[in-house]
Amino acid sequence: MPTQMQAAVVTAFKTPLVLQEWDVPTPGPGQILVKTEACGVCHTDLHAANGDWPLKPTPPFIPGHEAIGIVVGLGAGVTRVREGDRVGVPWLYSACGHCEYCLSAWETVCDEAKFGGYTQNGGFAEYLLADPDYVAHIPKGLGPKEAAPLICAGITTYKGIKETEARPGEWIAISGCGGLGHLAIQYAKAMGLLVCAVDIEDGKLEHAKRLGADLTINAQTADPAEVLKKTTGGGAHGVLITAPSLPAFQQGVAMTRKRGTCVLVGLPPGGFPLDIFNLVAGAVTVRGSFVGTRQDMAECLDFAVRGKVKADIELQPLSAINTIFERLEHGDVPSRVVLDFTDTRIEATSAPTRDAVRTDPVTA
Ligand code: NAD
Ligand code: ZN
Ligand code: ZN
């Protein structure tokens, strides 16, 4: 086991990440050590590195909450996972397990929740610590690179769609067709919904069509609410806003049918005005949704195992992280970039202190 690892570190907000050698952490009681195989890059990592939200992480920290890897170390008292298991270390790194939210399967909103790649160091590193009670168990038949986007983008959109309460045969509008949105379209189709995909880039909308969207609208060249209301006779029963952009929020609420539910998952900093009259008179619900529970995780991974959902991934080495962030910022990532820790190009660009050959057994 090496003592040093390569990590991409936020040393200060709004500055490029720095590739550094850090000590491989040691799992304390109740913790596990995971050797990273792959880690997706979520737009949330960009918000984290920019310090966009009221609750801020404390630099220096290692982002990344779509990490998949192999358990290589167990702290004292760990029985829920074994060495060699393949696990995912998600945004919901841990929760208290005892509060009213945890007890009612709403651990995602636990006041004591810790967040991977945010309050805890994450997967933009060759090793990371995790809480065995909150890791995702990656089923056989799902490779680490394909699984990575599912443990944030997948679970968040799967849960968000359920939160719209739209039923099979009804319309759902997905605003933003990037990392989250391209999976949302697939989950929604697999759940029997009619899908309207909204984005501001034609390339993303063409991809949405290939993924099964029944209707696509470019929000820069048309008013999505007007088009959708005309096509569906009143708007979407459910709306899921994944776009990290404030104009998408007002549009999303306007796209919602009377008695429908608009679910907010995109997290651009700031707020937006709500039209009280139309909400009240249309009995419209506007609801936030934050990742998903461990049960949602198991369900969302199962869709992928059964071939209903497949993340569209572009592999990159850890050393490319700043270019990836720039592309994300400008909407230039077609779906999801996944950092590939099995790619030998990483070895070529990092300090030569490690063994280039990975020999850990993959038993899961
Ligand atoms: P992404 O950059 O991969 O995709 C964003 C997409 O939105 C792009 O396709 C972009 O073209 C599109 N877009 C931008 N402006 C738009 C507009 N005005 N109208 C329609 N589409 C627009 O980002 P991502 O990784 O999918 O993350 C999206 C957002 O979701 C981020 O704010 C992220 O922090 C948030 N997020 C929230 C949760 C949660 O639990 N609520 C979980 C994960 C991510
Ligand atoms: Zn995420
Ligand atoms: Zn709790």
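Anyway, here's the lowdown on the structure attached to this text. (Residues numbered from 1 in each chain as written. Chains lettered and ligands numbered in written order. Predicted model: local features only at pLDDT ≥ 70, side-chain atom pairs only at ≥ 80, totals over all residues. Heavy atoms only, no water.)

### Considerations on the packing of aromatic side chains
Aromatic ring pairs are reported here in terms of the distance separating the ring centres and the angle at which the planes meet.
Here's step 1: Evaluated as defined, the whole model comprises 11 aromatic pairs.
Here's step 2: Geometrically, the ring pair formed by F115 and F290 is edge-to-face, given 5.8 Å between the ring centres and 80° between the ring planes. A residue pair is termed long-range when its members are at least 10 positions apart, and F115 in strand β7 (residues 114-115) and F290 in the loop between β15 (285-288) and α10 (294-305) qualify at 175 residues.
Here's step 3: F115 sits in the buried class, given a relative accessible area of 9%.
Here's step 4: Lying over the aromatic face of W106, K159 brings its terminal NZ or CZ to 4.6 Å of the ring centre.
Here's step 5: Positioned over the ring face of F303 is R306, at 5.3 Å from the centre of the ring. (Phe/Tyr/Trp six-rings, centres within 6.5 Å; stacked < 30°, edge-to-face > 60°. Helix = DSSP H or I, 4+ residues; strand = E, 2+ residues; numbered from the N terminus. Buried < 20%, exposed > 50% of the residue type's maximum accessible area, 1.4 Å probe, protein only. Lys NZ or Arg CZ within 6 Å of the ring centre and 35° of its normal.)

### Details of the coordination of the zinc ion (ligand 3)
Here's step 1: For the zinc ion (ligand 3), the full set of protein donor atoms is C96 (SG), C99 (SG), C102 (SG) and C110 (SG), at a range of 2.3 to 2.4 Å.
Here's step 2: One can describe the site at the zinc ion (ligand 3) as tetrahedral: its four donor atoms subtend angles covering 106 to 117° at the metal. (Donors = N, O, S within 2.8 Å, 3.2 Å for Na, K, Ca; no water. Tetrahedral: all angles 85-135°; square planar, octahedral: opposite > 155°, others 65-115°.)

### Comments concerning the site of ligand 1
Here's step 1: Lining the immediate surroundings of ligand 1 are 30 residues, of which H43, T44, D199, V291 and R336 lie closest.
Here's step 2: Within the backbone of S289, one N or O atom sits 2.9 Å away from a nitrogen atom of ligand 1.
Here's step 3: Taken by itself ligand 1 offers 880 Å² of open surface, and the protein chains cover 95% of this.
Here's step 4: Where the shell around ligand 1 is concerned, the elements lending two or more residues are α1 (43-50), α5 (179-190) and β11 (194-199). (Near = heavy atom within 4 Å. Polar contact = N/O pair within 3.5 Å; in protein donor to acceptor, adjacent residues only side chain to side chain. Areas by Shrake-Rupley, 256 points an atom, 1.4 Å probe, with all protein chains shown as cover.)

### Let's talk about helix α11 (residues 321-329)
Here's step 1: When we look at burial in α11, the residues that qualify are I321, I324, F325 and L328. Buried residues of α11 fall within an arc of 100° about the axis and therefore sit on the same side.
Here's step 2: At its buried positions, α11 is contacted by β1 (4-9), β3 (32-41), α1, β16 (313-316) and β17 (336-340).
Here's step 3: In the stretch just after α11, G331 is the one whose phi turns positive, near 70°. (Arc of directions from axis to C-beta. Contact = heavy atoms within 4.5 Å.)

### Points about the side chain of Q316
Here's step 1: Of note, Q316 is situated in strand β16.
Here's step 2: Polar contacts involving the side chain of Q316 include one to the side chain of E314, which spans 2.8 Å.
Here's step 3: Beyond its immediate stretch of four places on either side in the chain, Q316 contacts I324, R327, V337, V338, L339 and D340.

### A few points about the coordination of the zinc ion (ligand 2)
Here's step 1: All of the protein donors around the zinc ion (ligand 2) are C42 (SG), H65 (NE2) and C152 (SG); their distances to the metal are 2.0 to 2.3 Å.
Here's step 2: Sequence spacing of the donors to the zinc ion (ligand 2): C-x22-H-x86-C. Here the residue C42 occupies a position in the loop between β3 and α1, and C152 occupies one in the loop between α3 (144-147) and α4 (153-164), the gap between them amounting to 110 residues.
Here's step 3: Residue classification places C42 among the buried residues on the basis of a relative accessible area of 3%.
Here's step 4: For C152, a relative accessible area of 5% translates into the label buried.

### Description of the packing of α4 against α10
Here's step 1: Following both chains from N to C, one finds α4 and α10 inclined at 105°, their axes separated by 9 Å at the closest point. The angle between the axes of α4 and α10 places the two elements in the roughly perpendicular class. Across from G154, I155, Y158, K159 and K162 in α4, the residues of α10 making contact are D296, M297, E299, C300 and F303.
Here's step 2: Classifying every residue of the contact of α4 with α10 gives five nonpolar, one polar and four charged. (Axes fitted to C-alpha atoms, helices over the stretch in contact; angles between N-to-C directions. Parallel < 35°, antiparallel > 145°, perpendicular 65-115°, else oblique. Nonpolar A, V, L, I, M, F, W, Y, C, P; charged D, E, K, R; others polar.)

### As for the state of the cysteines
Here's step 1: Going through the model one piece at a time under the given rule, you end up with zero disulfides.
Here's step 2: Unpaired in this structure, C262 has its nearest cysteine sulfur neighbour in C196, at a distance of 13 Å.
Here's step 3: Residue C262 is classed as buried on the basis of its relative accessible area, which comes to 0%. (Disulfide = S-S within 2.5 Å.)

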